[in-house]
There are 2 protein chains.
Amino acid sequence: MLKLHSIDKNNKIIYIQSGSNHIEGYRLGVCILIKGEVIMITTITFNPSIDRMYRVNSINIGEVQRVISTNATAGGKGLNVTKVCKILGENPLAMGFIGGFNGAFIKDELRKLGIKNKFTEIKQETRNCLNIIEDNKVSTEFLEKGPIIGNSDLEKFENDIKEVIKDTKILIASGSYCQNMPLDYYEKIGHICRENNIKFILDTSGEPLKIALKSKPYLIKPNTDEIKQILRTNVESRDEVISAGKKLLEMGAQNVCISLGKEGMIYLNEYGVYEAKVPKIEAVNTVGSGDSTIAGFSVGILRGYEVEDLLKFSNACGISNALNIETGFVTLEEVEKYQGLVKVTKLS
Amino acid sequence: MLKLHSIDKNNKIIYIQSGSNHIEGYRLGVCILIKGEVIMITTITFNPSIDRMYRVNSINIGEVQRVISTNATAGGKGLNVTKVCKILGENPLAMGFIGGFNGAFIKDELRKLGIKNKFTEIKQETRNCLNIIEDNKVSTEFLEKGPIIGNSDLEKFENDIKEVIKDTKILIASGSYCQNMPLDYYEKIGHICRENNIKFILDTSGEPLKIALKSKPYLIKPNTDEIKQILRTNVESRDEVISAGKKLLEMGAQNVCISLGKEGMIYLNEYGVYEAKVPKIEAVNTVGSGDSTIAGFSVGILRGYEVEDLLKFSNACGISNALNIETGFVTLEEVEKYQGLVKVTKLS
């Protein structure tokens, strides 16, 4: 809770929050402009990457070819979430494993975006992921495996997380593990969140997701392919999607959001089943739309949105990402516009 | 010239070389073990790269695929030359343009190899070059263009080169320009070398090579394709190769080495035409063999080898590189062995 500490003659306000942390702001008429340092959203990207993009005329296998243009950005699902949370006006903190010169590049990219980080430093290099785009727009991707994580790295990470999460209200973990990480590591993080009264949003797949359900994560966001993998059932029809979602609630998730791509999403919790229908758009780049949706959920939950507004807001974030070429990017104007165009219905 | 400065009671020797520079060594019986800091070979790599290698099962265009293994090394023709000079026992200095986190990676790689550098720092990132190798051994390469160089970068480079070349006996420039560099820049370096009594070895192609001939470089090493590009004549038969080489001598080169791959090489200067025939080998990786040959020339010239020994030594370096998977790598054992198997004949 925030506690007012002082207002000086320049209308500078200081709030005290949980012990020694404080937020500074200025009173402007009836508004208060907060210039906060408190981290309420923390993201985890265990295996971040430099996302490199090559444009080529065409891929000529067996030949030496020149790249027309290149681009490199800080990538990884969790970092996409972080970037969108920042655009939405929050002050997120990025965590995960980082190493080497590639890691230094990523930290510098985040610095340029004004995003704080508390990465756990490892000896190995952070990975690259490469997307080669041909003139005919066909995209071919090469994902490096990333570093091998040892026990001492895991211990360092756990110390780091315990140090920074005291103000965190929402912790988002996205993407897959690094090499050699224990399958139940997301479950462990889930338990740390429960002990610290933090809402844990988990966006991963396969066995790590299935195991982590035991820690009762606040929200999971599988797509139908990921559900098939875990539950080994058909999830084609809407009824099948809903019954799969209910099964995931039974297995431990507090809220389940099942993205259906262009069809919108189904959202389930103990209070009911909701459907969000999204307007038709001309998508430019759907990569990162799921991460932007997760960012929207986090920010909406932090701001105490009711379920209908939460679904409108998070879907609008996913839509705005798809309308932009940059991955993990939304505009406030588009989010506001599409919020009004998402239709939410309570199905039961 | 070296001037003996002192020998102490531990047989430690200090030579004074050109002003304040000194070389330390130890007298071991009749031998002198030199532990020198003096740079006599300087290499220029304007557009170095991180050479990345991806192993994949096969390239599946339009799909997302995981890379089985990755490898990253300091690359670029000039850096290959530098690495081989170091293995051959010299203390080379690497120059060129370097920038960003990729540049920091390359400098760190050279540091690990004990290779000194005086790179000119630029704001843009040093490039990557990617070689994707499929299970069927087919190799597909993607070369990034690298940074755009401005006039202030060129000025900084010229200041840097003037600062470090006072002890240099041999300057080797290899590879192509960065973007926006003037076509006659190698010619400019050639003139700096002439003014400073430095032997200039130039391994490049096209217009930059043709223009640089005016500065009378000490040695050039075009292959037949590169000669066709410059002279626009056929260079298929040995007679055609020789007459093309003579033309290049007329155009300014002091020594011309024309590599014929597995067929060995033709070497020409004002004293005659020589042919080196190399033994048959099971090549593992011929990338960097030309650069290793250049390293062999530089070291041999520095050590005052006569033409026959020079050709045996340099060709043996090229062979040793081809026998090893690593690019820009030779072993002293192989160089010694193959030196004895190269056959040199004076043709005229």
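Heads up: the structure comes first, above all this text.
Residues numbered from 1 in each chain as written. Chains lettered and ligands numbered in written order. Predicted model: local features only at pLDDT ≥ 70, side-chain atom pairs only at ≥ 80, totals over all residues. Heavy atoms only, no water.

Q: Summarise the relation of the copies chain A and chain B; cite the residues concerned and give the values.
A: Mapping chain A onto chain B leaves a residual RMSD of 0.0 Å; the transformation is a rotation of 180° accompanied by 0.0 Å of translation along its axis. On this basis, the relationship between the two copies can be described by a two-fold rotation axis. Taking C-alpha positions as the reference, the residue of chain A nearest the rotation axis is A:F101, at 2.8 Å. A high fraction, 100%, of the interface residues of chain A reappear at the interface in chain B, so the copies pair face to face through one surface. (Least-squares fit on C-alpha atoms with pLDDT ≥ 70 in both. Contact = heavy atoms within 4.5 Å.)

Q: Quick one: what's the story with helix α4 (residues 185-195) of chain A, residue by residue and with numbers?
A: All names here are of chain A. Taken together, the buried positions of α4 are Y185, Y186, E187, I189, G190, I192 and C193. Elements in contact with the buried residues of α4: β5 (41-45), α3 (151-164), β14 (170-174), β15 (199-203) and α5 (206-212). N197 occupies a position one or two residues after α4 and carries a positive phi of about 60°. (Buried < 20%, exposed > 50% of the residue type's maximum accessible area, 1.4 Å probe, protein only. Helix = DSSP H or I, 4+ residues; strand = E, 2+ residues; numbered from the N terminus.)

Q: Pulling in residues and values, what's your account of the interface of chain A and chain B?
A: Across the contact, 32 residues belong to chain A and 32 residues belong to chain B. Interface of chain A and chain B: buried area, both sides summed, is about 2800 Å²; carbon and sulfur atoms make up 62% of it. By the criterion of area lost to chain B, the three top residues of chain A are A:F101, A:F142 and A:L143, representing 22% of everything that side buries. Where chain A packs against chain B, one counts zero salt bridges. At the surface where chain A touches chain B, the tally comes to 14 residue pairs in polar contact (both at pLDDT 80 or more). Mapped by element, the contributors of at least two residues to the side of chain A that touches chain B are β6 (49-56), β7 (64-66), α2 (100-112), β12 (127-134) and β13 (139-143) of chain A. Across the side of chain A that touches chain B, the residue classes tally to 15 nonpolar, eight polar and nine charged. Note: β7(A) against strand β13 (residues 139-143) of chain B, three bridges, orientation parallel. In the strand pairing of β13(B), A:R66 is matched with B:L143. (Buried area = accessible area lost by both parts, 1.4 Å probe. Salt bridge = Lys/Arg side-chain N within 4 Å of Asp/Glu carboxyl O. Polar contact = N/O pair within 3.5 Å; in protein donor to acceptor, adjacent residues only side chain to side chain. Nonpolar A, V, L, I, M, F, W, Y, C, P; charged D, E, K, R; others polar. Pairing = 2+ DSSP bridges.)

Q: So what about the packing of α2(A) against helix α2 (residues 100-112) of chain B? Which residues, and what values?
A: Closest axis-to-axis distance for the α2(A)/α2(B) pair is 9 Å, and the angle between their directions is 155°. Looking at the two axes, α2(A) sits roughly antiparallel to α2(B). In this structure, α2(A) crosses over α2(B), and the sense of that crossing is right-handed. Of the residues in α2(B), those touching α2(A) at A:F101, A:A104, A:F105 and A:D108 are B:F101, B:A104, B:F105 and B:D108. The residue makeup of the contact of α2(A) with α2(B), split by class, is six nonpolar, no polar and two charged. (Axes fitted to C-alpha atoms, helices over the stretch in contact; angles between N-to-C directions. Parallel < 35°, antiparallel > 145°, perpendicular 65-115°, else oblique. Left-handed = near helix turned anticlockwise from the far one by under 90°.)

Q: Outline the packing of aromatic side chains, listing residues and values.
A: Going through the model one piece at a time under the given rule, you end up with 26 aromatic pairs over all chains. Between the aromatic rings of A:F142 and B:Y54, the centroid separation amounts to 6.5 Å while the plane-to-plane angle is 50°, which identifies the pairing as tilted. With A:F142 in strand β13 and B:Y54 in strand β6 (residues 49-55), the pair connects residues from two separate chains. Pair check on accessibility: A:F142 and B:Y54 agree, each one buried. These aromatic residues form a ring-pair network of at least three members: A:F46, A:F97, A:F157, A:Y177, A:Y185 and A:Y186. Sitting above the plane of the A:Y218 ring, A:K199 keeps its charged end 5.3 Å from the centroid. (Phe/Tyr/Trp six-rings, centres within 6.5 Å; stacked < 30°, edge-to-face > 60°. Lys NZ or Arg CZ within 6 Å of the ring centre and 35° of its normal.)

Q: Explain the side chain of A:N269 to me, using residue names and the numbers behind them.
A: All names here are of chain A. Here N269 is to be found in strand β18 (residues 265-269). Given a relative accessible area of 12%, N269 falls into the buried group. In terms of polar contacts, N269 uses its side chain to reach the side chain of N255, at 3.0 Å. Within polar-contact distance, the side chain of N269 engages the backbone nitrogen of Y271 at 2.9 Å. Once residues within four sequence positions are removed from consideration, N269 is found in contact with L249, Q254, N255 and Y274.

That is the geometry; function is a separate question.
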